[in-house]
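Commentary on secondary and tertiary structure
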Amino acid sequence: MSYNLTGKLQKISPYNPIEGDYKIRLDANESYINVNETLNNKITDAVSKVLFNRYPDPFAVKVCEAFADLYDIPKDNVTAGNGSDELISILSSCFFEKEDAVLTIEPDFSMYAFYSSLYELTPHKLQKNENLEISVDTIIDYCNSKKMKAVIFSNPCNPTSLGICREDVIRLIESVKCLVIVDEAYMDFWDQSVINLTDKYDNLIVLKTCSKAIGLASIRMGFAVACKKITDMLRTVKSPYNTDAVSQALSVAVLTEKDMLRKNASEIIRNKDSLLKEINSICKDNNKIDKVYDSVTNFVFIKTSFAKDIQQKLQNKSISVRCFDGYLRINTGSADENRIVIGALKEILTNL
Ligand SMILES: *Cc1c(COP(=O)(O)O)cnc(C)c1O
């Protein structure tokens, strides 16, 4: 038997997360802060109460409540997903008709265009300018003139580390007739969220994740925040038990630690700020580095045609960072980890 994969599958290329063991991992924008002992006890206690023989709560009600309380939004606007990644997949597969036009603004998180292609939508791509910025008017004009069914982007943006201010996002939502999906995976590190506007705008969906500032990348928990009409439909089309009971118990234990979460986010921002400052000072006057971008996220984005080489040399020192075509993305670690990375970068750049 010779089975041929369909054409669309043959064309698709896989998402390539970095694998392997490194002493310092700064390649996936995770939080470097693991749960402390007190919280670990609370988690153990919560997990010990899970009924392993029973299906989980299909709507993760307690998790959605804790999430809604943390961000001060109505719980009825929240859908829990197996990572926000699953929610991007559900939105792409269920909220459109075949070949509907969906706009991404490049460079951005690669999964948006990935799922659009996989589900046979028509992906459209607008390119940011040399500074990796784009005017909201350009996006609005494109959506309206080319009749987009949705525009999806991360804000702040992964990988550029730059953000679009709230006022501009609101202007976009108000000026287009299509769905506006704003992925706020990194908004805990900035203050321009539109998460509280989903009752006002029925074309707005905000995505959130526990994988970054919350520090729970291991458990796969993400959220879509939207008006009731969209939320009801998301809950209808998702698979019934998409988030498991252990992850639910664990998320509630962590999401209810509001003070700790805010403190952790501020600490991460402080460390990112000093990482950015250090990188700026070693890269200023270095002709191998073209540009270091400002950052409103937990990572730093660097333009250099030596990206691949630098990544490889860091990897040889057991430090993992992410490389894109002509760019490096380094997320902040602890102060100690950052010191080691800065030392390694200095050495590598001197000998390049
Ligand atoms: C990391 C990341 C996600 C992934 O979130 P999960 O909840 O871990 O699936 C989504 N969007 C962006 C922009 C990210 O960088």
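Summarised in this report is the structure supplied together with it. These numbers were taken from a predicted model, which means no experiment stands behind them.

1. Overview of empty space enclosed by the protein
One pass over the full model with this rule turns up one cavity of 30 Å³ or more. If you add up the space inside the largest cavity, you get close to 70 Å³. Around the largest cavity, the lining residues are Ile88, Leu91, Ser92, Phe96, Val102, Tyr112, Ser116, Leu121, Ala150, Ile152 and Ile181. Counting only elements with at least two residues in the lining of the largest cavity, the list comes to α4 (83-94), α5 (111-118) and β5 (150-154). Sort the elements by how many residues they give to the lining of the largest cavity and α4 lands first, with three residues.

2. Observations concerning the packing of helix α2 (residues 37-48) against helix α9 (residues 245-255)
Packing of α2 against α9 brings their axes to within 9 Å, and their N-to-C directions diverge by 145 degrees. The two elements α2 and α9 meet at a crossing, and its hand is right-handed. Of α9, the residues touching α2 (which contributes Leu39, Lys42, Ile43, Ala46 and Val47) are Val246, Ala249, Leu250, Ala253 and Val254. Each residue belonging to the contact of α2 with α9 can be placed in one class, and the counts come to nine nonpolar, no polar and one charged.

3. Examining the pairing of strand β10 (residues 299-303)
Within β10, four of the five residues are buried, which leaves the element mostly enclosed by the surrounding structure. Bridge count between strand β9 (residues 291-292) and β10: two bridges; the pairing is antiparallel. Each residue of the ladder has a partner; that of Val292, found in β10, is Ile302. Between β9 and β10, which follow one another and run antiparallel, lie six residues. Relative to strand β12 (residues 327-331), β10 runs antiparallel, the two sharing five bridges. By the bridge assignment for β12, Val300 is matched with Ile330.

4. Considerations on the site of the ligand
Within the structure, the ligand sits among 14 residues, and Asp183, Tyr186, Thr209, Ser211 and Lys212 are positioned closest to it. Protein burial of the ligand: of its 380 Å² of free accessible surface, 93% is covered by the chains. With three residues, α4 is the single largest residue contributor to the shell around the ligand. Taken together, the residues of the shell around the ligand sort by class into four nonpolar, six polar and four charged.

5. A closer look at the side chain of Thr304
Here Thr304 shows up in the loop between β10 and α11 (307-316). For Thr304, the residues in contact, after removing those within four places along its chain, are Lys288, Ile289, Asp290, Ile310, Gly326, Tyr327 and Leu328.

6. Re a nonpolar patch on the surface
Taken together, the side chains of Met1, Tyr3, Leu5 and Leu9 define a hydrophobic patch exposed on the protein surface, amounting to about 520 Å² of accessible area. Relative to the helices and strands, Tyr3 resides in the segment before α1 (7-11).

7. A short note on the packing of helix α6 (residues 136-145) against helix α7 (residues 166-175)
Contact geometry for α6 and α7: axes closest at 10 Å, N-to-C directions at 15 degrees. By the criterion of interaxial angle, the relationship of α6 to α7 is roughly parallel. Judged by the sense of rotation from one axis to the other, the crossing of α6 with α7 is right-handed. Between α6, through Val136, Asp137, Ile139, Ile140 and Asn144, and α7, the contact on the second element is made entirely by Asp168, Arg171, Leu172 and Ser175. Considering only residue class, the contact of α6 with α7 consists of four nonpolar, two polar and three charged.

Conventions adopted
- Residues numbered from 1 in each chain as written.
- Predicted model: local features only at pLDDT ≥ 70, side-chain atom pairs only at ≥ 80, totals over all residues.
- Heavy atoms only, no water.
- 1 Å grid on protein atoms, 1.4 Å probe; cavity = no way out; pocket = protein on both sides within 12 Å on 5 of 7 lines; lining within 4 Å.
- Points joined across faces, edges and corners; volume = space filled by probe spheres on them.
- Helix = DSSP H or I, 4+ residues; strand = E, 2+ residues; numbered from the N terminus.
- Axes fitted to C-alpha atoms, helices over the stretch in contact; angles between N-to-C directions.
- Left-handed = near helix turned anticlockwise from the far one by under 90°.
- Contact = heavy atoms within 4.5 Å.
- Nonpolar A, V, L, I, M, F, W, Y, C, P; charged D, E, K, R; others polar.
- Buried < 20%, exposed > 50% of the residue type's maximum accessible area, 1.4 Å probe, protein only.
- Pairing = 2+ DSSP bridges.
- Near = heavy atom within 4 Å.
- Areas by Shrake-Rupley, 256 points an atom, 1.4 Å probe, with all protein chains shown as cover.
- Patch = residues over 30% accessible without salt bridge, like charges linked within 9 Å, V, L, I, M, F, W, Y side chains within 5 Å.
- Salt bridge = Lys/Arg side-chain N within 4 Å of Asp/Glu carboxyl O.
- Parallel < 35°, antiparallel > 145°, perpendicular 65-115°, else oblique.

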